[in-house]
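This is what each chain is made of:
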Amino acid sequence: DGAQTHDIVIEDNEIAGWGGAAHSDGAVHCNYYRETDDARRPDRIVVQGNRIHDPRHGSHPWVSAKLGKKHPKGPLGVMFNRCGRNHVIRYNDISSRNGNHYEDGIGGADNFSAAGFPWADSDIYGNRIANVYDDGIEAEGANRNVRIWANHLERVMVGIANAATTT
């Protein structure tokens, strides 16, 4: 019907043992990749106070005996794929003690694009993120007016990643 979703709050959940072996499978996952109308993508999603831990499958590291040198592929704590603007991701605990690492703690698509993650007018703060083979926070793409602060990152390859808007 063309309606846009907005003002969504995902709060105080415990998410464990989730996910398949797919690339970029998020415990909290917003995927509007195929939507061509920006006005129909969800705005103002708040992800706060969640405990996300121990995904069912893990990512591989940047260098492994089996795969050589390949980009890690695996689960993300929070994954947004072209999901509107004006989001807040705060006070989440994203970690793993079962030996399965994340590809990214918080991230999305598309790098080097006019869409990207978290897109525009968004805040990411106060999160605790650990056991990540690539980016603790992947803020890459069209990040106009995006603020990232006061996050605690440990055992990650890159703390906060940032890429150009377009190539």
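The preceding data block contains the structure.
Let me begin by describing the structure that accompanies this report. Source: prediction; values computed, not measured. (Residues numbered from 1 in each chain as written. Predicted model: local features only at pLDDT ≥ 70, side-chain atom pairs only at ≥ 80, totals over all residues. Heavy atoms only, no water.)

Per the stated rule, a full pass over the model turns up 4 salt bridges. The closest approach of N and O atoms between Asp-7 and Arg-44, which form a salt bridge, is 2.7 Å. In this pair, Asp-7 sits in strand β1 (residues 6–11) while Arg-44 sits in strand β4 (residues 43–48), placing the two residues 37 residues apart along the sequence. Residue Arg-44 is classed as partly exposed on the basis of its relative accessible area, which comes to 32%. Between Glu-154 and Arg-155 there is a salt bridge, with the nearest N and O atoms lying 2.5 Å from each other. (Salt bridge = Lys/Arg side-chain N within 4 Å of Asp/Glu carboxyl O. Helix = DSSP H or I, 4+ residues; strand = E, 2+ residues; numbered from the N terminus. Buried < 20%, exposed > 50% of the residue type's maximum accessible area, 1.4 Å probe, protein only.)

This brings us to the nonpolar core. Val-47, Ile-52, Val-78, Phe-80, Ile-89, Ile-94 and Ile-106 are the most contacted members of the largest nonpolar core, which has 19 residues in total. Elements represented by at least two residues in this core include exactly β3 (26–31), β4, β8 (76–81) and β13 (128–138). Ranked by the residues each element gives to this core, the list is headed by β13, at 3 residues. Setting aside its immediate chain neighbours within four residues, Ile-52 contacts Ile-15, Trp-18, Ala-27, Val-28, Gly-77, Val-78, Asp-93, Ile-94, Ser-95 and Tyr-102. (Core = buried A, V, L, I, M, F, W, Y, C linked by side-chain atoms within 4.5 Å. Contact = heavy atoms within 4.5 Å.)

In this section: the side chain of Ser-95. Mapped onto the fold, Ser-95 is located in strand β10 (residues 93–95). Discounting residues that sit within four places of it in the chain, Ser-95 has contacts with Ile-52, His-53, Asp-54, Tyr-102, Ala-130 and Asn-131.

The subject of this paragraph is the environment of Asp-123. By the secondary structure assignment, Asp-123 is in strand β12 (residues 123–125). What makes Asp-123 buried here is its relative accessible area of 14%. Separated by 37 residues in the primary sequence, Asp-123 and Asn-86 have C-alpha atoms spaced 7.7 Å apart. Residues within four places of Asp-123 in sequence aside, it is in contact with His-87, Val-88, Ile-89, Arg-147 and Trp-149.

This part takes up the packing of aromatic side chains. Under the definition given, this model contains 4 aromatic pairs. For the ring pair Tyr-91 and Tyr-125, a centre distance of 5.5 Å and an interplane angle of 85° mean the geometry is edge-to-face. Of this pair, Tyr-91 sits in the loop between β9 (88–90) and β10 while Tyr-125 sits in strand β12, and the two are 34 residues apart along the sequence. Relative accessible area serves as the criterion here: at 51%, Tyr-91 is assigned to the exposed category. Plain terms: the ring middles of Tyr-125 and Trp-149 are 4.3 Å apart, the flat faces sit at 15° to each other, and that makes the pair stacked. Taken together, the residues span a long stretch of sequence, with Tyr-125 in strand β12 and Trp-149 in strand β14 (residues 147–149) at a distance of 24 residues. Residue class for Tyr-125 comes out buried when judged on its relative accessible area of 13%. Grouping aromatic residues by their ring pairs yields a cluster made of Tyr-91, Tyr-125 and Trp-149. The lysine or arginine in question, Arg-85, covers the ring of Trp-119, its NZ or CZ lying 4.5 Å from the ring centre. (Phe/Tyr/Trp six-rings, centres within 6.5 Å; stacked < 30°, edge-to-face > 60°. Lys NZ or Arg CZ within 6 Å of the ring centre and 35° of its normal.)

What follows covers the sheet that holds β4. Spatial ordering of the open sheet is given by β1-β4-β9-β12-β14, a layout of 5 strands whose pairing is parallel. Of all strands in the sheet, those with a lone pairing partner are β1 and β14, marking the two edges. Strand-to-strand twist in this sheet, taken as the mean axis angle between neighbours without regard to direction, amounts to 5°. Both β1 and β4 contribute to a ladder of 5 bridges, which runs parallel. (Pairing = 2+ DSSP bridges. Axes fitted to C-alpha atoms, helices over the stretch in contact; angles between N-to-C directions.)

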